[in-house]
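# Residue-level structural notes
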Amino acid sequence: MTSLKINLDDIIQALTTRFDVVEGGFFLDTETGDILLSTEGLDDNDLPEDLEDNPRYRLIDSLASHESFQIMEDFVDELGDTKEAGKLRDALNRRKPFRQFNDTLHEHTNLSDAWYAFEQQELKRLAEEWCEENGIKTEWV
C-alpha cells in the first residue's frame, strides 16, 4: 500500500471543528489526500455529487467533547503536583471547563506554549489513529 499525502493541519482542523448549528462535515478523499468541506451555506458546486455515498470519501468525525477534555486532563497530569497544575485542575472542575481552562492557562500560568505543543502532539496522535482505523497509510505534508 502506498502512502497517502495528507495535510496534517487540515485533518486536525477537521477533527476539531464541530458542526452544532449547521449540518456539515469534512471528508477525506482517499485518492488525493484532500480534505473536503461540505456544509450548509457554502457553495458546493466544486464537491463531488456522490460525496456522501462513495467509499472513496471518508467522513471525518469531529472529536467528542470528552476527548478534548481528556487532552486537557492529560496535560494537567503531566504537570505533576505543581501550583499551575492545581489551578488548571480546579478550572476543569468548574462550570464551562473549556473556557475556564483557557482563561486560567493564559491569565494565571505561563504554560501556553507547553499547552499548545502538547495539544498539537495529541491531535497528531488522534489523526494518526483515525487514519489507521480507516486503513490509510499516511505521509503528513
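See the structure shown above.
The structure reproduced in this document is the subject of the present report.

Below, the discussion takes up the pairing of strand E3 (residues 35–39). With 4 of its 5 residues buried, E3 lies for the most part within the structure. The hairpin formed by strand E2 (residues 24–29) and E3 contains 5 residues between the paired strands, and Gly-33 there has a positive phi angle of roughly 85 degrees.

This part covers the environment of Ala-91. Checked against the element boundaries, Ala-91 lands in helix H3 (residues 83–92). For Ala-91, a relative accessible area of 0% puts it in the buried group. For the pair Ala-91 and Asp-81, spaced 10 residues apart in sequence, the C-alpha separation works out to 15 Å. Not counting residues up to four positions away in its chain, the partners in contact with Ala-91 are Pro-97, Gln-100, Phe-101 and Thr-104.

Next up on the list: the sheet that holds strand E4 (residues 57–60). An order of E3-E2-E4 is seen for the 3 strands of this open sheet, with the pairing classed as antiparallel. Strands at the two margins of the open sheet, each flanked by one partner only, are E3 and E4. Going from strand to strand, the sheet's axes swing by 35 degrees on average, the running direction of each strand aside. In this structure, E2 lies alongside E4, joined through 4 bridges in antiparallel fashion. Paired with Leu-28 across the bridge in E4 is Arg-58.

The rules behind each value
- Residues numbered from 1 in each chain as written.
- Predicted model: local features only at pLDDT ≥ 70, side-chain atom pairs only at ≥ 80, totals over all residues.
- Heavy atoms only, no water.
- Buried < 20%, exposed > 50% of the residue type's maximum accessible area, 1.4 Å probe, protein only.
- Helix = DSSP H or I, 4+ residues; strand = E, 2+ residues; numbered from the N terminus.
- Pairing = 2+ DSSP bridges.
- Contact = heavy atoms within 4.5 Å.
- Axes fitted to C-alpha atoms, helices over the stretch in contact; angles between N-to-C directions.

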